[in-house]
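The chain contents come next:
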Amino acid sequence: MKGQKACCIWLTGLSGAGKSTIAELLEVLLKREGRHTYILDGDNVRANLNSDLGFSIEDREENIRRMAAVAHLMVDAGLVVIVACIAPLRRQREKARLLFESEQFFEIFVDAPIELCESRDTKGLYRRAREGLIANFTGIDSPYEKPEEPDVRIDTGLSTPGESALQVFKKIQGYLL
Ligand code: ADP
């Protein structure tokens, strides 16, 4: 009925790397082609479904488990789901991937040096983390494991948001046909 192949496009990377920005621009590109999409943004989901969770390792595991489970339900319902979620550890992303058919899951590494993310500080979180007001902040006092073999790696220090979104779009276009 939808005339499309559903999939999950998972954008991982540090806070401020560009996940939400790319998710929104990618959605515009997909909608232009008539695709039915949904953005699951970690920040938004933490405001409701995951509002009981903090940022300890255990809570992050549970946060990602729920994000992946909801994304999986949405893919089951036929949507192209874009997930914007740090998912800092490789095993967390692997667990998410395992819920899906192998060709249905795209891991996109939204890469930028932490110094650049910190200088952007779009949400003021780095400043608060440096002041000790936020604990377990990814890249500062909590680890981030870079994807070893992502489907796409984007260096947002070298490209514009539009170019970055197009890079992801081109990668998944072949699958969606
Ligand atoms: P995240 O969702 O990863 O925390 P945001 O998307 O909220 O990051 O913020 C990223 C910031 O970086 C935005 O202000 C955006 O305009 C800027 N930016 C610069 N270059 C890029 C790019 N190539 N892709 C995405 N964002 C970029």
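These lines cover the structure that appears in this document, whether it is placed above or below.

### Here's the deal with the nonpolar core
For step 1, the next point in the chain: Residues Ile9, Leu11, Leu30, Ile82 and Ile108 are the most contacted members of the largest nonpolar core, which totals 33 residues.
For step 2, the next point in the chain: Among the elements that line this core, the one with the most residues is helix α7 (residues 161-176), at six residues.
For step 3, the next point in the chain: Ignoring anything within four residues of it in the chain, the contact list for Leu11 reads Lys19, Ile22, Ala23, Ile82, Val83, Ala84, Cys85, Ile108 and Val110.
For step 4, the next point in the chain: By size, the runner-up hydrophobic cluster in this structure holds 19 residues, among which are Val45, Val75, Ala96 and Phe105.

### Focus: the packing of aromatic side chains
For step 1, the next point in the chain: Using the criterion set out here, one finds five aromatic pairs in the structure.
For step 2, the next point in the chain: Taking 6.2 Å as the distance between ring centres and 35° as the angle between the ring planes, the aromatic pair formed by Trp10 and Phe105 counts as tilted. You can see Trp10 sitting in strand β1 (residues 7-12) and its partner Phe105 sitting in strand β4 (residues 105-111), a full 95 residues away along the chain. The same class applies to Trp10 as to Phe105, namely buried.
For step 3, the next point in the chain: Arranged with centres 6.1 Å apart and planes meeting at 25°, the rings of Phe109 and Tyr144 form a pair that is stacked. Here Phe109 is found in strand β4, whereas its partner Tyr144 is found in the loop between α6 (125-130) and β5 (152-155), with 35 residues between them in sequence.
For step 4, the next point in the chain: Classification of Phe109 as buried rests on a relative accessible area of 4%.

### Some remarks on the packing of helix α3 (residues 57-76) against helix α4 (residues 90-98)
For step 1, the next point in the chain: Following both chains from N to C, one finds α3 and α4 inclined at 25°, their axes separated by 9 Å at the closest point. Relative to α4, the element α3 lies roughly parallel. Both α3 and α4 take part in a crossing whose hand is right-handed. For the pair α3 and α4, the contacting residues are Ile57, Arg60, Glu61, Ile64 and Ala68 in the first and Arg91, Gln92, Lys95 and Ala96 in the second.

### Topic: the site of the ligand
For step 1, the next point in the chain: With respect to spatial proximity, 17 residues lie near the ligand, and among them Gly16, Lys19, Thr21, Lys123 and Ser159 are the closest.
For step 2, the next point in the chain: Between the ligand and Lys123, the relevant distance is 2.8 Å, taken from an oxygen atom to a side-chain nitrogen or oxygen of the residue.
For step 3, the next point in the chain: Contact between the ligand and Ser159: a nitrogen atom at 2.7 Å from a main-chain N or O atom of the residue.
For step 4, the next point in the chain: Relative to its unbound accessible surface of 570 Å², the ligand loses 81% to contact with the protein.
For step 5, the next point in the chain: When residues of the shell around the ligand are traced back to their parent elements, those giving at least two are α1 (19-32) and α7.
For step 6, the next point in the chain: Looking at which element gives the most residues to the shell around the ligand, the answer is α1, with four residues.

### Quick word on the side chain of Ser164
For step 1, the next point in the chain: Relative to the assigned elements, Ser164 resides in helix α7.
For step 2, the next point in the chain: Other than its neighbours up to four places away in sequence, Ser164 contacts Ile22, Ile154, Thr156 and Ser159.

### So, α4
For step 1, the next point in the chain: Considered for burial, the residues of α4 that qualify are Gln92, Arg93 and Ala96. Relative to the axis of α4, the buried residues are bounded by an arc of 95° and lie together on one face. Exposed positions of α4 whose direction lies more than 90 degrees from the buried face are Lys95 and Leu98.
For step 2, the next point in the chain: Against β1, α3 and β4 lie the buried residues of α4.

Conventions adopted
- Residues numbered from 1 in each chain as written.
- Predicted model: local features only at pLDDT ≥ 70, side-chain atom pairs only at ≥ 80, totals over all residues.
- Heavy atoms only, no water.
- Core = buried A, V, L, I, M, F, W, Y, C linked by side-chain atoms within 4.5 Å.
- Buried < 20%, exposed > 50% of the residue type's maximum accessible area, 1.4 Å probe, protein only.
- Helix = DSSP H or I, 4+ residues; strand = E, 2+ residues; numbered from the N terminus.
- Contact = heavy atoms within 4.5 Å.
- Phe/Tyr/Trp six-rings, centres within 6.5 Å; stacked < 30°, edge-to-face > 60°.
- Axes fitted to C-alpha atoms, helices over the stretch in contact; angles between N-to-C directions.
- Parallel < 35°, antiparallel > 145°, perpendicular 65-115°, else oblique.
- Left-handed = near helix turned anticlockwise from the far one by under 90°.
- Near = heavy atom within 4 Å.
- Polar contact = N/O pair within 3.5 Å; in protein donor to acceptor, adjacent residues only side chain to side chain.
- Areas by Shrake-Rupley, 256 points an atom, 1.4 Å probe, with all protein chains shown as cover.
- Arc of directions from axis to C-beta.

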